[in-house]
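For reference, the chains in residue letters:
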Amino acid sequence: MSKMNFLQERFGRYFLKLRVKKTKRKLHVSTFDTAQNIAIIYDNSGTLSNGKPLYVNQKIKNFTQTIAGIHAETKITLLGFCSTTYTKQLHKTEVFSSEIFTKKDFTWYGTAKSETLEKFINTPFDMLIDLSVEQNFPLEYIVQLSKASFKIGRLNQSLLYDFMIDIKNEKNIDYLIQQISVYLPSLKQK
């Protein structure tokens with residue numbers, strides 16, 4: 001599900017295609033051992049507690065804490081998309097910072113309009129991990145424009161990532177996190 005209306009996504013994809021052509025970044029393979037700053041994006045739409053969205057899904061929080069526990073010097077930034085509208089705030093812990101964005105952070109024609117998204121897109125993270133398991137245009141928008149030097153996510157037809165994980169019929173975040181944890185450390189540095 002795209003999380004935006006048809007026309008907004010259609011226009012957004014058109015303008016995204018134009019902007020991607022102008023986007024420059026340097027590809028550099030990173031692992032958890034070598035990355036100094038890691039960004040994790042995810043779909044937070046279905047994460048509720050007492051009817052209110054949570055800032056970070058517990059599975060993502062555990063994954064983040066595992067990375068930070070092994071590599072304490074790594075800075076981790078989380079950015080979650082929520083299809084429902086609520087008051088946004090920055091959530092910080094000793095381990096990570098997390099922020100939520102919504103459809104309101106996009107123009108009516110499907111391009112990012114918030115400073116938060118532009119800052120995230122223009123930050124040259126060593127690694128960007130997309131933990132979405134379904135099509136989500138707002139997250140695809142960020143991944144395609146991101147200046148991150150190494151992008152990781154699920155195998156899909158759009159080929160958005162430098163390192164793709166085939167989640168086959170296991171379309172759940174647990175499986176994706178498990179596969180990233182298994183295969184990413186085995187990559188060789190160039």
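Along each chain, the written sequence defines residue order, and numbers are assigned to residues from 1. Owing to the predicted nature of the model, reporting of local features is limited to residues with pLDDT of at least 70; listing and counting of side-chain atom pairs is limited to 80 or more, with chain, interface and lining totals taken over all residues. Side-chain metrics in this entry use all non-hydrogen atoms of the structure; hydrogen atoms and water are not considered.

Caption draft 1: Structural detail: the overall build of the protein chain. Within the protein chain one finds 5 helices and 9 strands. Burial classes follow relative accessibility: with a 1.4 Å probe on protein chains only, a residue under 20% of its type's maximum area counts as buried, one over 50% as exposed, and anything between as partly exposed. Across the 190 residues of the protein chain, 50% fall into the buried class. For the protein chain, long-range pairs separated by at least 24 residues make up 64% of all intrachain contacts whose partners lie at least 6 apart in sequence. The helix count covers DSSP runs of H or I at least four residues long, the strand count covers runs of E at least two residues long, and both are numbered beginning at the N terminus. Only heavy atoms matter for contacts: two residues are in contact if any of them lie within 4.5 Å across the pair.

Caption draft 2: Inspection of the pattern of salt bridges at higher detail. What counts as a salt bridge is simple: a side-chain nitrogen of Lys or Arg found within 4 Å of a carboxyl oxygen of Asp or Glu. All told, the structure shown has 5 salt bridges when counted by the stated rule. Here E140 ties to R13 by a salt bridge, and the two come within 2.9 Å at their closest N and O atoms. One end of the pair, E140, is in helix 4 (residues 137-145); the other, R13, is in helix 1 (residues 6-22), and 127 residues separate them in sequence. A relative accessible area of 7% means that E140 is categorised as buried. Of the charged contacts in the structure, one is a salt bridge between R19 and E118, with a shortest N-O distance of 2.8 Å. A residue pair is termed long-range when its members are at least 10 positions apart, and R19 in helix 1 and E118 in helix 3 (residues 115-122) qualify at 99 residues. Of the residues examined, R19 reaches a relative accessible area of 28% and is grouped as partly exposed. In the salt-bridge network here, residues are joined through shared partners; they are E9, R13 and E140.

Caption draft 3: Structural detail: the packing of helix 2 (residues 58-70) against helix 5 (residues 173-183). Think of each axis as a best-fit line through the C-alpha atoms, taken over the contacting stretch in the case of a helix, with angles from 0 to 180 degrees between the N-to-C directions. In the contact formed by helix 2 and helix 5, the axes pass within 10 Å of each other and the chain directions differ by 15°. As summarised for this structure, helix 2 and helix 5 are arranged roughly parallel, according to the angle between their axes. Two packed elements cross with a definite hand, and for helix 2 against helix 5 that hand is right-handed. Contacts from K59, I60 and F63 in helix 2 reach I173, D174, I177, I180 and S181 in helix 5. Residue polarity is assigned by list, with Asp, Glu, Lys and Arg as charged and Ala, Val, Leu, Ile, Met, Phe, Trp, Tyr, Cys and Pro as nonpolar; anything else, Gly included, falls into the polar class. Residues belonging to the contact of helix 2 with helix 5 are distributed by class as follows: 5 nonpolar, 1 polar and 2 charged. Here the angle decides the label: under 35 degrees means roughly parallel, over 145 means roughly antiparallel, 65 to 115 means roughly perpendicular, and every other value means oblique. A crossing counts as left-handed when the near helix is turned anticlockwise from the far one by less than a right angle, and as right-handed when that turn is clockwise.

Caption draft 4: Local environment of the packing of aromatic side chains. Here the aromatic set is Phe, Tyr and Trp, taking the six-membered ring for Trp, and pairing holds for ring centres within 6.5 Å; pairs whose planes are under 30 degrees apart are stacked, those over 60 apart are edge-to-face, and all others are tilted. Using the criterion set out here, one finds 11 aromatic pairs in the structure. When the ring of F120 is compared with that of F125, the centres are 5.0 Å apart and the planes differ by 45°; the resulting orientation is tilted. Assigned by exposure class, F120 and F125 land together as buried. An aromatic cluster is built from F11, Y14, F15, W108 and Y109, whose rings are joined through pairwise contacts.

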